[in-house]
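# Structure at a glance
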Amino acid sequence: MDDVIAKSKEVTLLEILDRVLNKGVIISGDIVISVADVDLIYLGLKVLLSSVETMERLRGAPIYSPYQEPS
Amino acid sequence: MSKCIYAVLDYNKKSALDLKGLDGTGIYSLPYKGISAAVSDMKRDRLKVDNETAAGYARIVEGLMEMHTVLPLRFGTLVKDDSEVAGVLEKYYERFVNNLKLVKGKLEYGLKALLDAEKTTALNEAEDRAGFEQLKGNSPYKKYLIEKLKEHKAGQALIKKADGIIEGVHRPLKELSFLSKFRKMATERIILDAVYLVEAEKKDIFIERFKEIKKKYRDVEFLFTGPWPPYNFIESSNIKKEQN
């Protein structure tokens, strides 16, 4: 991501974590979305808390981007 | 021991991908009918969620994006062995193919517009001072009423500002995008949270357009990021439907 216009290190990390933890294809059913030993530095920030909570709550179940309406 | 699946690729060969996985072993592609999964061997059965691991995962997906069209999988997708990986590709094949077609040759950009809510409130209060003066009084009821009015006016000012940003910033960027999504007032400060899927050949025009627009909004802080793998443009709801 060399050509990103504006990003500070911390903010960029938040953007990365929001995508990696909250987005992307969910394969559910027979496969476990596996996380362990939650240890995030930015626990004060809502975005990360919600990301981790979401993962814990919805292990194995599809979830939607906040931008998308579930059909 | 397990296998971590990082992404699905538009690639049809079984080969090493010149990238290291989260446990340091090489990432390789496992093909199925013209697509493949990018996987690596893992010594553990669960992933630790910390900044380093998550950022490492993102770097891997970015590395894959530089080689192929990618559908990033959610962090922590671990399966037992290669036969389970093949099972995933087979089970969701049609949806993977459709999504790969959708995002092929395109890049994701993110834009957040942040506003200082206190500043907006102060400005708004100044404008409406005359109205509040009429309600001046010391009774608890009047004080309560004045506070509520101030809150209401402040909210209105933010919404008005957000609408202006959507019209003046989001709309011209949306016009240049293949797909876009946005949320208005995602939080009190983030008045616009938008993502854009942009055709690679329009990337430079898109960035230039944003730079031009930015100059017109000195009082707004923008966070413009990318290019990202298409995390926000995968039709995950389709995958759910197929499971049902």
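Structure first, text after, so check above.
Definitions and cut-offs
- Residues numbered from 1 in each chain as written.
- Chains lettered and ligands numbered in written order.
- Predicted model: local features only at pLDDT ≥ 70, side-chain atom pairs only at ≥ 80, totals over all residues.
- Heavy atoms only, no water.
- Helix = DSSP H or I, 4+ residues; strand = E, 2+ residues; numbered from the N terminus.
- Buried < 20%, exposed > 50% of the residue type's maximum accessible area, 1.4 Å probe, protein only.
- Areas by Shrake-Rupley, 256 points an atom, 1.4 Å probe, with all protein chains shown as cover.
- Contact = heavy atoms within 4.5 Å.
- Expected span 1.5 Å × (residues − 1).
- Arc of directions from axis to C-beta.
- Lys, Arg positive; Asp, Glu negative; His and termini not counted.
- Salt bridge = Lys/Arg side-chain N within 4 Å of Asp/Glu carboxyl O.
- Polar contact = N/O pair within 3.5 Å; in protein donor to acceptor, adjacent residues only side chain to side chain.
- Phe/Tyr/Trp six-rings, centres within 6.5 Å; stacked < 30°, edge-to-face > 60°.
- Lys NZ or Arg CZ within 6 Å of the ring centre and 35° of its normal.
- Pairing = 2+ DSSP bridges.
- Axes fitted to C-alpha atoms, helices over the stretch in contact; angles between N-to-C directions.

## Here we look at the overall build of chain A
Along its length, chain A carries two helices and two strands. Reading the secondary structure of chain A in the N-to-C direction produces α-β-β-α. Across the 71 residues in chain A, those meeting the buried criterion constitute 49%. Put simply, chain A shows about 3600 Å² of open surface, and 55% of that area lies on carbon and sulfur atoms.

## Some points on the overall build of chain B
Of regular secondary structure, chain B possesses eight helices and 11 strands. By the burial criterion, 49% of the 244 residues in chain B qualify as buried. Sequence separation of 24 or more characterises 72% of the internal contacts of chain B that already satisfy a separation of 6 or more. Accessible surface, chain B: about 12100 Å² in total, of which carbon and sulfur atoms supply 50%.

## Here's the deal with helix H7 (residues 203-215) of chain B
Residues and elements named next belong to chain B. When the terminal C-alpha atoms of H7 are compared, their 19 Å separation across 13 residues agrees well with the 18 Å that a helix rising 1.5 Å per residue should span. Of the residues making up H7, those classed as buried are Phe-206, Ile-207, Phe-210 and Ile-213. Buried residues in H7, looked at end-on, bunch into an arc of 125°, giving them a common side. Opposite the packed face of H7, turned more than 90 degrees from it, sit the exposed residues Asp-204 and Lys-215.

## Considering the side chain of His-68 of chain B
Considering the arrangement of structural elements, one finds His-68 of chain B in the loop between helix H1 (51-67) and strand S6 (70-72). If sequence neighbours within four positions are ignored, His-68 of chain B has contacts with Leu-9, Asp-10, Tyr-11 and Leu-17 of chain B.

## Topic: the environment of Phe-75 of chain B
With respect to the helices, strands and loops of the structure, Phe-75 of chain B is situated in the loop between S6 and strand S7 (77-79). As for Phe-75 of chain B and Ala-54 of chain B, which are separated by 21 residues in sequence, their C-alpha atoms are 7.4 Å apart.

## Some points on the side chain of Arg-74 of chain B
With respect to the helices and strands, Arg-74 of chain B occurs in the loop between S6 and S7. Buried within the structure, Arg-74 of chain B lacks any salt-bridge partner; its nearest side chain of opposite charge belongs to Asp-18 of chain A, at an N-O separation of 9.2 Å. Of note is the side chain of Arg-74 of chain B, whose polar atom sits 2.8 Å from the backbone oxygen of Asn-22 of chain A. Within the structure, Arg-74 of chain B has its side chain in polar contact with the backbone oxygen of Lys-23 of chain A (distance 2.5 Å).

## Observations regarding the packing of aromatic side chains
Residues and elements named next belong to chain B. Enumeration according to the criterion identifies 11 aromatic pairs over all chains in this entry. With a centroid separation of 5.2 Å and 70° between ring planes, the pair formed by Tyr-57 and Phe-75 is classed as edge-to-face. Taken as a pair, Tyr-57 in helix H1 and Phe-75 in the loop between S6 and S7 lie far apart in primary sequence, 18 residues in all. Exposure remark for Tyr-57: the relative accessible area of 0% places this residue in the buried category. What makes Phe-75 buried here is its relative accessible area of 0%. Above the face of the Tyr-93 ring, Lys-33 is positioned so that its terminal group lies 4.8 Å from the ring centre. Positioned above the aromatic ring of Phe-178 is the side chain of Lys-106, whose terminal nitrogen or guanidinium carbon lies 4.2 Å from the ring centre.

## A short note on the sheet that holds strand S8 (residues 106-114) of chain B
All names here are of chain B. With respect to topology, four strands assemble into an open sheet ordered S9-S10-S8-S11, the strand pairing being antiparallel. Either end of the sheet is taken by a strand with one partner, and the two such strands are strand S9 (179-184) and strand S11 (221-228). Within this sheet the neighbouring strands show an average axis-to-axis angle of 10°, counted without direction. Relative to strand S10 (residues 190-199), S8 runs antiparallel, the two sharing nine bridges. Residue pairing across strands places Leu-111 opposite Ala-194, the latter belonging to S10. Docked against the sheet, helix H3 (residues 93-103) engages S8, S9 and S10, running at close to 70° with respect to S8.

## What to know about the pattern of salt bridges
Once their charged atoms are close, side chains differing in charge can pair, the charge on each being opposite to the other. Summed over the entire model, instances satisfying the criterion amount to 16 salt bridges over all chains. In this structure, Glu-15 of chain A engages Lys-112 of chain B in a salt bridge whose closest nitrogen and oxygen atoms are separated by 2.7 Å. Within this pair, whereas Glu-15 of chain A is found in helix H1 (residues 9-22), its partner Lys-112 of chain B is found in strand S8, the two belonging to separate chains. Accessibility classification places Glu-15 of chain A together with Lys-112 of chain B in one group, the buried group. Note that Arg-171 of chain B and Glu-167 of chain B form a salt bridge whose closest N and O atoms lie 2.8 Å from each other. On the criterion of helical spacing, the pair formed by Arg-171 of chain B and Glu-167 of chain B is a turn pair, its members being four residues apart in helix H6 (residues 140-176). What you see here is one network of salt bridges that share partners, running through Glu-15 and Arg-19 of chain A together with Glu-108, Lys-112, Arg-183 and Asp-193 of chain B.

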